[in-house]
Every structure is written in C-alpha cells, then in structure tokens.
Amino acid sequence: MKVNGQHFRTIWLHPTNERVVQLIDQRFLPHRFVVEEVSTVEQMADAIRQMHVRGAGLIGASAGYGMYLAAIEAGPSRTGSISAKEFDARLTEAAERLKATRPTAVNLAWAIERQLTGMAKAKTAREKIELALRTAREIATEDEENCRMIGQHGVNLIEEIARVKNGKPVNILTHCNAGWLAFVDYGSALAPVYAAHDRGLPVHVWVDETRPRSQGSKLTAWELGQHGVPHTIIADGAGGHLMQRGAVDLVMVGSDRTTRAGDVANKIGTYLKALAAKDNKIPFYVALPSSSFDWAIRDGSEIPIEERGAEELKRADGWRNGRMWEVSVAPESSPAVNYGFDVTPRRLVTGLITERGVCKADEKSILELFIEHAS
Ligand code: MRU
C-alpha cells in the first residue's frame with residue numbers, strides 16, 4: 001500500500017545488505033514513519049514482543065525472517081566451522097526464543113515450524129541459510145497474495161450491500177488493526193474495504209479506538225487516511241449504540257487464531273461487537289488467511305490468550321513537541337489486568353473470508369475450502 005504516494009510493504013530485506021531486514025516500526029505511527037533495521041534474532045524477538053511489528057500475518061512474516069537471521073547466526077563464524085548438530089541446536093534455541101514472544105497469533109509458530117521443517121532437508125549450513133531466506137521471502141509473498149485474494153472475495157459482500165443502499169455509503173465497523181500494517185500488504189479485514197474503495201463503491205469505516213494499545217485510532221485510521229478511505233474513530237464502547245441506530249451495515253474484523261471448527265480469537269473486545277451485531281441482525285464477518293487457522297484444535301477455549309503488562313492500561317502515550325510522551329491515566333495503586341484477546345464463538349460469526357473464498361464458520365464448510373486439512 002502507499003505511504004505519501006510511495007509503495008511500502010511492512011517488512012522487506014535490505015536492498016543492498018542481505019544480512020539486514022527492514023521493517024516499519026509501528027510504535028511511532030501515526031506521528032512518525034520510522035523504518036527499523038534488524039540484523040539479529042534477539043532484535044527480531046524484541047521487535048515482535050514490544051510490538052514494533054504486530055498483527056497475525058506480519059508476526060508470521062517477521063518470525064520467518066527471524067529464523068533466517070537465526071540461520072546466519074548459527075552458521076560457521078569466520079574463525080571456525082560448526083557441526084550440523086550444533087547448528088541445529090542453535091536453530092532450535094532461536095525458534096524457542098521467537099515462539100515465546102507472543103502466544104496468541106498462530107502465524108508465529110506456523111512460520112517458525114515451516115522454517116525448521118525446510119531447513120531440516122538441507123545438508124550444509126550454507127544450504128540451510130539459503131533455504132531460510134527463500135522460505136522467509138515465500139512466507140511474506142504468500143501473505144501478501146492471500147490478503148489480496150481476501151480483498152477480491154470480500155468485496156462482493158460490500159458490493160451486495162452497496163446495491164441495496166443505492167449510492168449511500170456502506171458503513172463498515174472494524175476493531176483493532178487488520179489492515180496492511182498487520183500483514184505484509186493489503187490486510188485481511190481491510191482488504192475488501194480497499195478493493196471496494198478502488199472500485200468506486202462508497203464506503204465509510206467506523207474505527208474502534210481499541211484500547212489499550214489503540215491500534216484502531218493510531219494505525220487503522222492512519223492507513224485508511226493514507227489510502228483516502230472515509231472513516232471515523234469511535235470509542236470502543238460506541239459500536240453497539242451505532243448498530244442500534246442503523247449506522248452499521250457490516251462488521252469486518254481480523255483474527256489471530258481461528259480453530260478448525262470456526263471459533264475466532266481476535267483483539268480483546270471483538271466478542272462484544274459480535275454479540276451486539278447478532279442482537280441487531282448485522283452481518284459479522286471475520287477475514288483471515290489460512291496461516292491463521294489452528295488446524296489442531298476445535299474449541300476456542302483452547303486458544304492461549306496473551307496477558308500483557310498492566311502498565312499498558314494504566315498509561316497512555318502521545319505526541320507533543322516532536323517527541324512521544326507517556327502519561328499516567330489511572331491510580332498508580334490500582335491493580336489492572338490486561339487481556340490481549342478474546343474468543344468469539346462460531347455461532348456469532350456470519351462467515352469467514354479466506355484467500356480461497358467465503359465460507360460459514362463451521363468445520364465442514366471450512367474443510368470444503370481447505371480439504372488438505374480434512375484428516
Ligand atoms: O496485539 P496485536 O496488535 O498484534 O493484535 C493483533 C491484531 O492486529 C488484531 O487482533 C487483528 O484484528 C487481527 S490480526 C490481523
């Protein structure tokens with residue numbers, strides 16, 4: 001997608017130094033556009049943990065590049081060679097370090113396992129490093145292409161509503177950031193919105209602020225604005241009110257992990273939006289690439305829910321006089337608990353938008369699209 005008219009992905013290999021990965025450091029958006037250079041596994045683990053990069057698809061792509069950096073680090077130093085056993089032990093250790101950064105988005109473990117399985121087939125350290133780079137690039141490119149396809153399938157839903165609304169804007173409510181910043185490009189929940197806007201369909205997005213990290217007001221609003229999509233930021237609790245007033249035609253959110261039976265883990269607060277949508281008979285769609293399915297589990301209660309530090313709730317940051325400031329917004333002595341995600345049960349989900357098409361949120365329908373996971 002474009003930033004000030006220039007095309008960017010969220011992560012890429014340095015154009016002249018193959019040992020360096022570049023990524024958009026999202027902590028500074030929307031105030032500053034900062035590109036960070038990462039050249040060690042530890043730096044990549046930190047970038048994921050501290051949310052310089054975030055969002056399911058981008059976490060997966062970052063982990064893919066992280067494993068490539070791990071392979072470089074595990075390889076022979078200038079002074080000596082290394083046994084295959086030692087190389088693999090270093091890789092396993094790096095994999096565990098990366099996996100431990102964030103527990104909910106399944107793309108993280110998926111990308112790491114894909115790298116480990118791939119590298120296990122190569123013999124020499126040099127082959128393993130080359131393969132890891134190829135795989136990291138593949139993971140990123142697939143993520144981009146899958147999101148593009150989600151846009152192509154999801155736009156039909158918006159088009160149908162636009163026909164009925166006869167020229168009036170289609171109002172879409174979204175929670176958190178499941179736009180291109182959460183993936184390598186295009187996004188999941190926002191990909192159909194961009195596709196609709198590019199086709200000239202009138203769309204307007206209600207952007208949930210999404211406390212405590214404010215991915216909605218900081219990131220979703222910024223990227224929609226960069227693309228010229230009309231949008232309005234609302235407080236997290238405002239969605240139900242707007243639905244009751246007939247101001248929401250469709251809810252579209254992303255997912256960090258969806259079970260094979262269709263239960264959806266997404267940013268905390270998503271479940272409440274799904275309940276309100278059900279009560280107001282508003283379609284509630286979840287957009288996700290297949291890398292966000294957890295094929296090993298059926299019940300959403302099995303999904304690990306990240307708990308982040310209480311300081312994210314009790315403090316807020318903002319931009320003033322050319323720098324970021326953090327301020328206290330709660331009594332220092334009050335305890336706080338900061339759940340990152342919740343699970344929306346499949347009965348509240350109208351449908352899933354994937355790169356292979358739209359399906360119902362149930363195991364049979366999901367497996368009709370992804371037959372290779374049937375057993
Ligand atoms: O904690 P984050 O910012 O990594 O949260 C993940 C998300 O971006 C959202 O839950 C999103 O809606 C789904 S992931 C594309």
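Remember, predicted model here, so these are calculated numbers, not experimental data.

**Observations concerning the packing of helix α3 (residues 84–99) against helix α4 (residues 107–120)**
Link 1 in the chain: In the contact formed by α3 and α4, the axes pass within 10 Å of each other and the chain directions differ by 170°. In terms of axis orientation, α3 runs roughly antiparallel to α4. In contact with Leu91, Ala95, Leu98 and Lys99 of α3, α4 contributes Leu108, Ala109, Ile112, Glu113, Leu116 and Met119.

**Points about the confidence of the model for the protein chain**
Link 1 in the chain: The predicted model of the protein chain has a mean per-residue pLDDT of 96, with 99% of residues at 70 or higher.
Link 2 in the chain: Per-element averaging of pLDDT across the protein chain places strand β1 (residues 2–3) at the bottom with 88 and strand β12 (residues 284–287) at the top with 99.

**Focus: the site of the ligand**
Link 1 in the chain: Contacts to the ligand come from 18 residues, most closely from Arg54, Arg102, Asp256, Asn266 and Lys267.
Link 2 in the chain: The contact in question runs from an oxygen atom of the ligand to an N or O atom on the backbone of Gly55, over 2.9 Å.
Link 3 in the chain: Asn177 has a polar backbone atom sitting 3.0 Å from an oxygen atom of the ligand.
Link 4 in the chain: A total of 400 Å² of accessible area belongs to the ligand in isolation, and the protein chains cover 100% of it.
Link 5 in the chain: Partitioning the shell around the ligand into residue classes produces seven nonpolar, seven polar and four charged.

**Quick word on the pattern of salt bridges**
Link 1 in the chain: Within this structure, the stated rule accounts for 27 salt bridges.
Link 2 in the chain: Ionic pairing is found between Lys165 and Asp249, a salt bridge with its closest N-O pair at 2.9 Å. Residue Lys165 is found in helix α5 (residues 125–165), and its partner Asp249 is found in the loop between α8 (239–244) and β9 (250–253); the two are separated by 84 residues along the sequence.
Link 3 in the chain: Classification of Lys165 as partly exposed rests on a relative accessible area of 22%.
Link 4 in the chain: Of the charged contacts in the structure, one is a salt bridge between Arg308 and Glu312, with a shortest N-O distance of 2.8 Å.
Link 5 in the chain: The class of Glu312 is buried, set by a relative accessible area of 11%.

**Let's talk about α4**
Link 1 in the chain: For α4, spanning 14 residues, the distance from its first C-alpha to its last is 20 Å, which sits close to the expected 20 Å at 1.5 Å a residue.
Link 2 in the chain: Looking at α4, one finds that the buried residues are Asn107, Leu108, Ala111, Ile112, Gln115, Gly118 and Met119. Here the buried residues of α4 occupy an arc of 130° about the axis, which is enough to place them on one side.
Link 3 in the chain: On its buried face, α4 sits against α1 (41–49), α2 (56–74), α3 and α5.

**Overview of the domain arrangement of the protein chain**
Link 1 in the chain: With domains assigned, the protein chain is organised as domain 1 (2–142) and domain 2 (151–373).
Link 2 in the chain: For domain 1 and domain 2, the distance between their C-alpha centroids amounts to 26 Å.
Link 3 in the chain: Counting residues at the interface gives 34 residues for domain 1 and 31 residues for domain 2.
Link 4 in the chain: Both faces combined, the contact of domain 1 with domain 2 buries some 2,800 Å², and carbon together with sulfur accounts for 58% of it.
Link 5 in the chain: When the area that domain 1 buries against domain 2 is broken down by residue, the three leading residues are Arg54, Thr104 and Val106, summing to 22%.

Cut-offs used in this document
Residues numbered from 1 in each chain as written. Predicted model: local features only at pLDDT ≥ 70, side-chain atom pairs only at ≥ 80, totals over all residues. Heavy atoms only, no water. Axes fitted to C-alpha atoms, helices over the stretch in contact; angles between N-to-C directions. Helix = DSSP H or I, 4+ residues; strand = E, 2+ residues; numbered from the N terminus. Parallel < 35°, antiparallel > 145°, perpendicular 65-115°, else oblique. Contact = heavy atoms within 4.5 Å. pLDDT = per-residue confidence, 0-100. Near = heavy atom within 4 Å. Polar contact = N/O pair within 3.5 Å; in protein donor to acceptor, adjacent residues only side chain to side chain. Areas by Shrake-Rupley, 256 points an atom, 1.4 Å probe, with all protein chains shown as cover. Nonpolar A, V, L, I, M, F, W, Y, C, P; charged D, E, K, R; others polar. Salt bridge = Lys/Arg side-chain N within 4 Å of Asp/Glu carboxyl O. Buried < 20%, exposed > 50% of the residue type's maximum accessible area, 1.4 Å probe, protein only. Expected span 1.5 Å × (residues − 1). Arc of directions from axis to C-beta. Domains from an automatic or database assignment. Buried area = accessible area lost by both parts, 1.4 Å probe.

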